[in-house]
Amino acid sequence: MAVPALVVRGGKDRMVSQAWAEEVTRLLPRGRLVVMDGLPHMVPYKDPRGLAREVGAFLEAAW
């Protein structure tokens, strides 16, 4: 996939390891990893505004 891709992981995610998130990001030619400190697996439910800020920043930088 040659388009910019954002990988988001909660810092306290017990389902997706940091190593896995880093590997997925590495495999994406234009991938970027954001780890949201203190959050569990379901980031959109716990901090939707924080996630929206991260997506907005990503989109501004990517395009």
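The preceding data block contains the structure.
Please read all numbers here as calculations on a predicted model, not as lab measurements.

With that out of the way, let us pick up the pairing of strand β1 (residues 5–10). In the sheet, β1 pairs with strand β2 (residues 31–36) via six bridges, with the strands oriented parallel. Paired with alanine 5 across the two strands is glycine 31, which belongs to β2. Handedness of the β-α-β unit built from β1, helix α1 (residues 18–27) and β2 comes out right-handed.

Let us look at a nonpolar patch on the surface. Nonpolar side chains collect at one region of the surface, where Val55, Leu59 and Trp63 lie side by side and expose about 330 Å² of accessible area between them. With respect to the helices and strands, the residue leucine 59 is situated in helix α3 (residues 48–62). With relative accessibility at 41%, the residue leucine 59 sits in the partly exposed group.

Take α3 next. End to end, α3 covers 21 Å across 15 residues, agreeing with the expected 21 Å (1.5 Å per residue, within 8%). Among the residues of α3, Gly50, Leu51, Phe58 and Ala62 are the ones counted as buried. Taken down its axis, α3 places every buried residue within 100° of arc, on the same side. Across from the buried face of α3, at angles greater than 90 degrees, the exposed residues are Arg49, Arg53 and Glu60. Buried positions along α3 lie against β1, β2 and α2 (43–46).

What follows concerns the pattern of salt bridges. Per the counting criterion, the structure on display carries one salt bridge. Between glutamate 23 and arginine 26 there is a salt bridge, and its shortest N-O distance comes to 2.7 Å. Residue glutamate 23 and its partner arginine 26 are located together in helix α1, separated by three residues, close to a single helical turn.

Now for the side chain of aspartate 13. Inspection of the secondary structure puts aspartate 13 in the loop between β1 and α1. For the buried aspartate 13, no salt bridge exists, and the shortest N-O distance to an oppositely charged side chain is 5.0 Å, to arginine 9. Polar side-chain contacts of aspartate 13 include one of 2.6 Å to the backbone nitrogen of methionine 15. Polar side-chain contacts of aspartate 13 include one of 2.9 Å to the backbone nitrogen of valine 16. Excluding residues within four positions of it along the chain, aspartate 13 makes contact with Leu39, Pro40 and His41.

Each value, and the rule that gives it
- Starting from 1, residues in each chain are numbered consecutively following that chain's sequence as written.
- Reporting in this predicted model follows two pLDDT cut-offs: at least 70 for local features of residues, and 80 or more for side-chain atom pairs to be given and counted; totals over whole chains, interfaces and linings ignore these cut-offs and use all residues.
- The side-chain figures draw on all heavy atoms in the structure; neither hydrogens nor water molecules are used.
- The pairing criterion for strands is at least two bridges between them, as found by DSSP.
- For helices the rule is a DSSP run of H or I covering at least 4 residues; for strands it is a run of E covering at least 2, with both sets numbered from the N terminus onward.
- Handedness rule for crossovers: strands pointing away from the viewer, path from the first strand over the helix to the second running clockwise, crossover right-handed.
- Without a salt bridge and with relative accessible area above 30%, a residue can belong to a patch; like charges are then joined within 9 Å and nonpolar side chains (Val, Leu, Ile, Met, Phe, Trp, Tyr) within 5 Å.
- In these tables, accessible area is a Shrake-Rupley quantity obtained with a 1.4 Å probe, and a residue counts as shielded only by the protein chains included in the view.
- Salt bridge, as applied in this entry: a Lys or Arg side-chain nitrogen positioned within 4 Å of an Asp or Glu carboxyl oxygen.
- Think of it in three bands: with a 1.4 Å probe and only protein chains considered, a residue is buried below 20% of the maximum accessible area for its type, exposed above 50%, and partly exposed in between.
- To estimate how far a helix should reach, multiply one less than its number of residues by 1.5 Å.
- This arc corresponds to the set of directions leading from the helix axis out to the C-beta atoms.
- Should any heavy atoms of two residues lie within 4.5 Å, those residues are considered in contact.
- When charges are counted, Lys and Arg contribute as positive and Asp and Glu as negative, whereas His and the chain ends are disregarded.
- N or O atoms within 3.5 Å of each other form a polar contact, as long as, within protein, one can give a hydrogen and the other can take it, and as long as residues adjacent in sequence are counted only when both atoms are side-chain atoms.

What is shown is where atoms sit, not what they do.
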